[in-house]
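Chain residues, written in single-letter form:
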Amino acid sequence: GFEDCLWNVDNPVVAHRSGDDVTLITYGVLLDNVMKAAELLSDNGIEATVLRLTRLSDLPVATIAKSVSSNKRIVVLEEISGQCGICQELTYELQKICPECRISGIDLGKRYISHGNINTLYAHYGLSPEAIKNYVMEAHQNEN
């Protein structure tokens, strides 16, 4: 589980945080936003596991499945155009191992991606720490 992938640089999954309510999966530059969102969630009583993938080919599905939060809610966060990232493949493969997992994703969407200040764009596309927190809190409330 969490201990098996914690800070092991040889592992394709690095766990940066452990929590029982939701698992946030990301890679690349979004890690800072996801970590800040996890802190904001914690301030609101929701504890998040944060997993960072160190490779995207041959997705480490079994390792991810062992590391998901106890409530099986997973959110995949990607700074990429909609349906071009790993969320669909990861969902398909994870559902084979963890059919009770509830997986959703946030990405830049299917439309033209505008240019501008990065923090403004993250907020616009739902990838700012606050927007991630709000998304997870809404999903958490809808499940309870």
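As the structure is a prediction and not an experimental result, all values here were calculated from the model. (Residues numbered from 1 in each chain as written. Predicted model: local features only at pLDDT ≥ 70, side-chain atom pairs only at ≥ 80, totals over all residues. Heavy atoms only, no water.)

Let's talk about helix H6 (residues 129-143)
Then, number 1: Between the first and last C-alpha of H6 there are 21 Å, a value that for 15 residues agrees with the 21 Å anticipated at 1.5 Å per step.
Then, number 2: Among the residues of H6, those classed as buried are Pro129, Ala131, Ile132, Lys133, Val136, Met137, Ala139 and His140.
Then, number 3: Of the surrounding elements, those touching the buried residues of H6 are strand E2 (22-26), helix H2 (31-43) and strand E4 (73-77). (Helix = DSSP H or I, 4+ residues; strand = E, 2+ residues; numbered from the N terminus. Expected span 1.5 Å × (residues − 1). Buried < 20%, exposed > 50% of the residue type's maximum accessible area, 1.4 Å probe, protein only. Contact = heavy atoms within 4.5 Å.)

Regarding the state of the cysteines
Then, number 1: Per the stated rule, a full pass over the model turns up one disulfide.
Then, number 2: A disulfide bridge connects Cys98 with Cys101, and the sulfur atoms are separated by 2.0 Å. Taking the sign of the torsion about the S-S bond as the criterion, the disulfide between Cys98 and Cys101, at about 85 degrees, is right-handed.
Then, number 3: With a relative accessible area of 4%, Cys98 lands in the buried category.
Then, number 4: Cys101 sits in the buried class, given a relative accessible area of 4%. (Disulfide = S-S within 2.5 Å.)

Section: the packing of H2 against H6
Then, number 1: One way to put it is that H2 packs onto H6 with a least axis distance of 8 Å and a crossing angle of 50 degrees. Relative to H6, H2 is oriented oblique. As H2 packs across H6, the resulting crossing turns out to be right-handed. Residue-level inspection shows Asn33, Val34, Lys36, Ala37, Leu40 and Leu41 of H2 in contact with H6, the latter providing Pro129, Glu130, Ile132, Lys133, Val136 and Met137.
Then, number 2: In the contact of H2 with H6, the residues fall into eight nonpolar, one polar and three charged. (Axes fitted to C-alpha atoms, helices over the stretch in contact; angles between N-to-C directions. Parallel < 35°, antiparallel > 145°, perpendicular 65-115°, else oblique. Left-handed = near helix turned anticlockwise from the far one by under 90°. Nonpolar A, V, L, I, M, F, W, Y, C, P; charged D, E, K, R; others polar.)

Topic: the environment of Tyr125
Then, number 1: If you trace the backbone, Tyr125 turns up in helix H5 (residues 118-125).
Then, number 2: With 99 residues separating them in the primary sequence, Tyr125 and Thr26 have C-alpha atoms 15 Å apart.
Then, number 3: When sequence neighbours within four positions are dropped, the list of residues in contact with Tyr125 reads Ile106, Asp107, Leu108, Tyr112, Ile113 and Ser114.
Then, number 4: A distance of 3.1 Å separates a polar atom in the side chain of Tyr125 from the backbone nitrogen of Ser114. (Polar contact = N/O pair within 3.5 Å; in protein donor to acceptor, adjacent residues only side chain to side chain.)

A few points about helix H4 (residues 87-97)
Then, number 1: Among the residues of H4, those classed as buried are Cys87, Leu90 and Leu94. Taken around the axis of H4, the buried residues stretch over an arc of 65 degrees, which confines them to a single face. What points out from H4, more than 90 degrees from its buried face, is the exposed set Tyr92 and Lys96.
Then, number 2: Tucked into the core, H4 has its buried residues touching E2, helix H3 (61-67), E4 and strand E5 (102-106). (Arc of directions from axis to C-beta.)

Points about the sheet that holds strand E3 (residues 48-53)
Then, number 1: The strand order across the open sheet built from five strands is E1-E3-E2-E4-E5, with neighbouring strands paired in mixed fashion. With one partner strand each, in any of the chains shown, strand E1 (13-17) and E5 form the two edges of the open sheet. Neighbouring strand axes in the sheet, compared pairwise and without regard to direction, differ in orientation by 25 degrees on average.
Then, number 2: One ladder, built from five bridges, connects E4 with E5; its direction is parallel. Across the sheet, the residue bridging to Leu77 is Ile106, located in E5.
Then, number 3: Strands E2, E4 and E5 of the sheet are contacted by H4, whose axis makes an angle of about 175 degrees with E5. (Pairing = 2+ DSSP bridges.)

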